[in-house]
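# Per-entry structural report
Listed below are the residues making up each chain.
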Amino acid sequence: MTTSSDPIGAPGTVQTDLLGFLAKRTGKTWATDADVFGSGGLSSLFAMELVVHLERTYDIAIRGADLRMENFRTVRGMVALVERLRQPAPGGSGA
């Protein structure tokens, strides 16, 4: 459940942000599991806009294998990507 006290980057907040971003940029409402690129209406340039939005908003770096289109097809997939990339690196000190 998302509340106004959720910190930026909380799963519900990421989902809400992405749904708002997509609605603003495309002029339509999206479901979390809708294929954003399946309709053919969105371009690879828009995919790069999504990458930049996610990197800037959530202070993450999306590189290499993470740049696969599958990570950006649905809002649910993008939320999972953000959550994974915000996790501390394995073997990090955490201090």
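Since we're looking at a predicted model, the values are computed, not measured. Throughout, residues of each chain are indexed from 1 in the direction in which the sequence is written. In keeping with the model being predicted, local features are shown solely for residues with a pLDDT of at least 70 and side-chain atom pairs are shown and tallied solely at 80 or more, while totals for entire chains, interfaces and linings include all residues. Heavy atoms throughout the structure, all of them, feed into the side-chain values; hydrogens and water do not.

### Quick notes on the overall build of the chain
In terms of helices and strands, the chain carries three helices and zero strands. Each helix corresponds to a stretch of at least 4 residues labelled H or I by DSSP, and each strand to a stretch of at least 2 residues labelled E; elements are numbered beginning at the N terminus. Along the chain direction, N to C, the helices and strands of the chain fall in the order α-α-α. Note on exposure labels: buried denotes an accessible area under 20% of the residue type's maximum, exposed denotes more than 50%, and partly exposed covers the range between, all computed with a 1.4 Å probe on protein chains only. Going through the 95 residues of the chain one by one, you find that 34% of them count as buried. It only takes one pair of heavy atoms within 4.5 Å for two residues to be counted as in contact. A fraction of 54% describes how many contacts in the chain between residues 6 or more apart in sequence connect residues 24 or more apart.

### Overview of the confidence of the model for the chain
As a per-residue measure, pLDDT reflects the predictor's confidence and takes values from 0 up to 100. Summarising the model, the chain shows a mean pLDDT of 83, and 81% of its residues fall at 70 or more. Mean pLDDT across the elements of the chain bottoms out in helix 1 (residues 11–26) (90) and peaks in helix 3 (residues 75–85) (96). Within the model, the stretch residues 1–9 combines pLDDT values under 50 with 11 contacts to residues more than four positions away or in other chains.

### Here we look at the nonpolar core
Leu-22, Phe-37, Leu-50, Leu-54, Phe-72 and Met-78 are the most contacted members of the largest nonpolar core, which totals 22 residues. For this core, the secondary structure elements donating two or more residues are helix 1, helix 2 (44–58) and helix 3. The element that contributes the greatest number of residues to this core is helix 2, accounting for six residues. In this description, a nonpolar core means a group of buried Ala, Val, Leu, Ile, Met, Phe, Trp, Tyr and Cys residues linked to one another through side-chain atoms lying within 4.5 Å.

### Focus on the packing of aromatic side chains
Here the aromatic set is Phe, Tyr and Trp, taking the six-membered ring for Trp, and pairing holds for ring centres within 6.5 Å; pairs whose planes are under 30 degrees apart are stacked, those over 60 apart are edge-to-face, and all others are tilted. Using the criterion set out here, one finds two aromatic pairs in the structure. Taking 6.3 Å as the distance between ring centres and 25 degrees as the angle between the ring planes, the aromatic pair formed by Phe-21 and Phe-46 counts as stacked. Separated by 25 residues along the polypeptide, Phe-21 in helix 1 and Phe-46 in helix 2 bring together distant segments of the chain. A single burial state applies to Phe-21 and to Phe-46, both of which are buried. Their ring planes at 55 degrees and their centres at 6.4 Å tell us that Phe-37 and Phe-46 sit as a pair that is tilted. The buried category is assigned to Phe-37, whose relative accessible area is 9%. One aromatic cluster is present, formed by Phe-21, Phe-37 and Phe-46 through successive ring pairs.

### Remarks on the environment of Ala-47
Mapped onto the elements, Ala-47 comes out in helix 2. A residue is classified by how much of its surface remains accessible, and Ala-47, at 9% relative accessible area, is buried. Through-space distance from the C-alpha of Ala-47 to that of Val-36 is 9.6 Å; in sequence the pair is 11 residues apart. Setting aside residues up to four positions removed in sequence, Ala-47 forms contacts with Phe-37 and Met-69.

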